[in-house]
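The residues making up each chain are set out below.
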Amino acid sequence: MPGPGDVLELIRDRGTLTRGDVLELTGLSRMTVSARIDALLDAGLLVEKGTDRVTGGRPSRRLIFNDAHATVVAASVDTTHTSVALTDLAGRILAEDRIDVAVSDGPALTLNAITECTLHLIDRTEGVSHIGGIGISVPGPVDPDTGRPSQPPIMPGWDAYPIPEHLHDALGVPVLVSNDADAAALGEQRRAHPDSRSLCFVKVSSGIGTGIVLGGQVYRGADGGAGDIGHVKIAGHDDVQCQCGAYGCLAAVASGGAIAHALTALGKPATSGSDVGAYLAAGDADTARLTQEAGRVIGEVVATVVSLLNPAEVVLGGRLASAPLLAGVRETLYPRSLPRATRHLTVSQSTLGEHAATVGLTALLIDREYSAAAVNAALGR
Ligand SMILES: [Zn+2]
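Everything quoted here is computed from the prediction, not taken from an experiment.

Conventions used here
- Residues numbered from 1 in each chain as written.
- Predicted model: local features only at pLDDT ≥ 70, side-chain atom pairs only at ≥ 80, totals over all residues.
- Heavy atoms only, no water.
- Helix = DSSP H or I, 4+ residues; strand = E, 2+ residues; numbered from the N terminus.
- Buried < 20%, exposed > 50% of the residue type's maximum accessible area, 1.4 Å probe, protein only.
- Contact = heavy atoms within 4.5 Å.
- Areas by Shrake-Rupley, 256 points an atom, 1.4 Å probe, with all protein chains shown as cover.
- Lys, Arg positive; Asp, Glu negative; His and termini not counted.
- Charge placed at Lys NZ, Arg CZ, Asp CG, Glu CD.
- Pairing = 2+ DSSP bridges.
- Axes fitted to C-alpha atoms, helices over the stretch in contact; angles between N-to-C directions.
- Salt bridge = Lys/Arg side-chain N within 4 Å of Asp/Glu carboxyl O.
- Donors = N, O, S within 2.8 Å, 3.2 Å for Na, K, Ca; no water.
- Tetrahedral: all angles 85-135°; square planar, octahedral: opposite > 155°, others 65-115°.
- Arc of directions from axis to C-beta.
- Parallel < 35°, antiparallel > 145°, perpendicular 65-115°, else oblique.
- Left-handed = near helix turned anticlockwise from the far one by under 90°.

1. Quick notes on the overall build of the protein
(1) Moving on: When its secondary structure is counted, the protein shows 14 helices and 13 strands.
(2) Moving on: Overall, the C-alpha framework of the protein stretches about 75 × 50 × 40 Å when taken along its three principal axes.
(3) Moving on: Across the 381 residues of the protein, 52% fall into the buried class.
(4) Moving on: For the protein, the share of sequence-separated contacts (at least 6 apart) that also reach a separation of at least 24 residues comes to 61%.
(5) Moving on: Carbon and sulfur atoms make up 50% of the accessible area of the protein, which amounts to about 16,900 Å² in all.
(6) Moving on: Taking the 30 positively charged and 42 negatively charged side chains of the protein as two groups, their mean positions are separated by 9 Å.

Here is the structure:
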C-alpha cells in the first residue's frame, strides 16, 4: 500500500495537489489519505497553502512540497576552479562562492577546501536550518554504486578515492557524487527544457564529456562511463596524444585544451578551456575559427550519439559554448544523422551556464533523499 513517501512523490511530481486530488489519484481511503498527509505535514515535508477553490462549501487547500525543509550544498569541481553553492529544495541559490582549488590539487586538498567553504557559507547565510546533504560533481566518470571516481582520465590521484566517506566524515550529511556533465544535463533538462524528457548535454571545456538524460532521468551506464565521448578515437589524428595517454581522442583534437595548444602556437598564450573562453568572449577571430573547426569534429561524434539515442535536445555547454561552436556542430551533425533522428531535434547553447551543474546536483540529491522509499523509511513505514 502506498505510504506517505508515495504521496509526497505524487505531490512533488505534480507541483501541487489538494487532499481531494490525492484521494482521487491514489484510490486510497479518505482516512488513509488523511493519515499520510498529516504525517507529511507533521514532519515538515509539506505545507498547506491558500484556498484557491471551494468544493461543497468547504475551502480546499493546496498541498505543496516544503522547499524550506532543508538546505542542500552543491559543489562543482572543475579543471580550473571549484564552486560551492547553498540552495533550497526548489533549487534556488541562497549563497555561493568560488574557490581556487581544482582537480589537479588532488582529492584530499580539494575536499577539505570544499568543507571549509561550505561551513563558511552556512555561517554567513541567514535562515539556513539543517543541511539535507551535499552533492558534488567531478570532471570524470563516477561508479554509480560506490560514488567513487572510476578510472578518470584527467583526474590524477582521484581514481577510486572515497569521496562520499571523506565528505560524510567532514560534514556529517548524506553525500551524492556525480559526473559533471551528468549533473549539468539534468540541470538543463529540469530548468531549461522541462517539456523534453530526453536531452544530451555536451560539455566542451578543457576536456569534452556528455551527460545523457533519458525519460527524465540521468543515464549513467553500467560503470558510470556513459557519455564519455572525449576519448572516442577520431580517424586521421593518430599523431595527436591525449591527456589520457592514448592517441587521436576527440578531446585531443577538439577540446578547449587542444585549442589552447593551437592558440599558444599562434603566439596567443592559453593553457585551459577557461583561457579559450576568455578569447572567445573578447571576440578573437583565430579562437572563433578554431572553435568552429572543433565544433565540426565534435558534431561528427554527436551525430552518432543522436542516431543512437534520438534525443529532443542537444545542449552545448562548458567554457567553449559559443556561436562558433554551435555553428560547427550543426554543420556536421545534421548531414551525418538520420533525418528521423533530427526531425524534432533542437541544438542549442546552454542557458544556465555554470549553474547547470548546481541545479542538476540539487535535483539529484533531492530525488534521492526525498524519494518515496527514503521518506517511507524516515517516517517509520
Ligand atoms: Zn583520451
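2. Quick look at the sheet that holds strand β5 (residues 82-87)
(1) Moving on: With respect to topology, five strands assemble into an open sheet ordered β6-β5-β4-β7-β8, the strand pairing being mixed. On the outer flanks of this sheet lie β6 (93-99) and β8 (175-179), each paired with one strand and no other. Each strand axis lies, on average, 15 degrees off the axis of its neighbour in the sheet, ignoring direction.
(2) Moving on: Summarising the sheet, strand β7 (residues 131-138) and β8 pair through five bridges and their orientation is parallel. Residue pairing across strands places S137 opposite S178, the latter belonging to β8.
(3) Moving on: The sheet strands contacting helix α6 (residues 180-192) are β7 and β8, and the helix crosses β8 at an angle near 95 degrees.

3. Observations concerning the environment of A108
(1) Moving on: Counting through the fold element by element, A108 comes out in helix α4 (residues 107-124).
(2) Moving on: For the pair formed by A108 and R92, sequence separation is 16 residues and the distance between their alpha carbons is 29 Å.

4. Structural notes on the pattern of salt bridges
(1) Moving on: Under the counting rule described, the total for this entry stands at 19 salt bridges.
(2) Moving on: D367 serves as the salt-bridge partner of R12, at 2.9 Å between the closest nitrogen and oxygen. Of this pair, R12 sits in helix α1 (residues 4-14) while D367 sits in helix α13 (residues 355-369); the two residues are 355 residues apart in sequence, bridging distant segments of the chain.
(3) Moving on: Since its relative accessible area comes to 25%, D367 is described here as partly exposed.
(4) Moving on: The shortest N-O distance in the salt bridge between D78 and K203 comes to 3.5 Å. On the criterion of sequence distance, the pair formed by D78 in the loop between β4 (71-77) and β5 and K203 in strand β9 (residues 199-204) is long-range, its members being 125 residues apart. Comparing D78 with K203, the two get one shared label, buried.

5. With respect to the coordination of the zinc ion
(1) Moving on: Surrounding the zinc ion are the protein donor atoms H231 (ND1), C242 (SG), C244 (SG) and C249 (SG), at 2.0 to 2.4 Å.
(2) Moving on: For the zinc ion, the four donor atoms in the first shell make angles of 104 to 121 degrees at the metal, a pattern classed as tetrahedral.
(3) Moving on: Look at where the donors of the zinc ion fall in the sequence and you get H-x10-C-x1-C-x4-C.
(4) Moving on: Note on C242: relative accessible area 7%, which makes it buried.

6. Thoughts on unusual backbone geometry
Comment: phi is negative for the bulk of residues other than glycine, and the bulk of peptide bonds are trans.
(1) Moving on: In this model, Q151 sits at a positive phi of 45 degrees, which is unusual for a non-glycine residue.
(2) Moving on: Checked against the element boundaries, Q151 lands in the loop between β7 and α5 (163-171).
(3) Moving on: Non-glycine residue A160 carries a positive phi angle of around 65 degrees.
(4) Moving on: For A160, the position within the fold is in the loop between β7 and α5.

7. Here we look at the side chain of S206
(1) Moving on: Here S206 is to be found in the loop between β9 and β10 (208-214).
(2) Moving on: The class of S206 is buried, set by a relative accessible area of 15%.
(3) Moving on: Beyond its immediate stretch of four places on either side in the chain, S206 contacts T79, S255, G256, G257, S272 and G273.

8. As for the sheet that holds strand β11 (residues 217-218)
(1) Moving on: The strand order across the open sheet built from five strands is β11-β10-β9-β12-β13, with neighbouring strands paired in mixed fashion. Each end of this open sheet is capped by a strand with a single partner; those strands are β11 and β13 (346-349).
(2) Moving on: Across two bridges, the pairing between β10 and β11 is antiparallel. Each bridged residue has a counterpart across the sheet, and for V213 the counterpart in β11 is V218.
(3) Moving on: Where helix α11 (residues 323-336) meets the sheet, its contacts fall on β9, β12 (313-317) and β13, and the angle it forms with β13 comes to roughly 160 degrees.

9. A few points about α5
Every α-helical turn comprises 3.6 residues, leaving residues that sit three or four positions apart pointing alike.
(1) Moving on: Those residues of α5 lying buried are I163, P164, H166, L167 and L171. The buried side chains of α5 occupy one side of the element, clustering within an arc of 165 degrees when seen end-on.
(2) Moving on: Where α5 is buried, its residues touch α4, β7 and β8.
(3) Moving on: Positive phi appears at G172, one or two residues downstream of α5, with a value of about 65 degrees.

10. Comments concerning the packing of helix α2 (residues 19-26) against helix α3 (residues 30-42)
(1) Moving on: Closest axis-to-axis distance for the α2/α3 pair is 10 Å, and the angle between their directions is 125 degrees. Our classification of the angle between α2 and α3 gives oblique. Seen along the crossing, α2 lies across α3 with a hand that is right-handed. Touching R19, V22, L23 and T26 of α2 are R30, V33, S34, I37, D38 and L41, all from α3.

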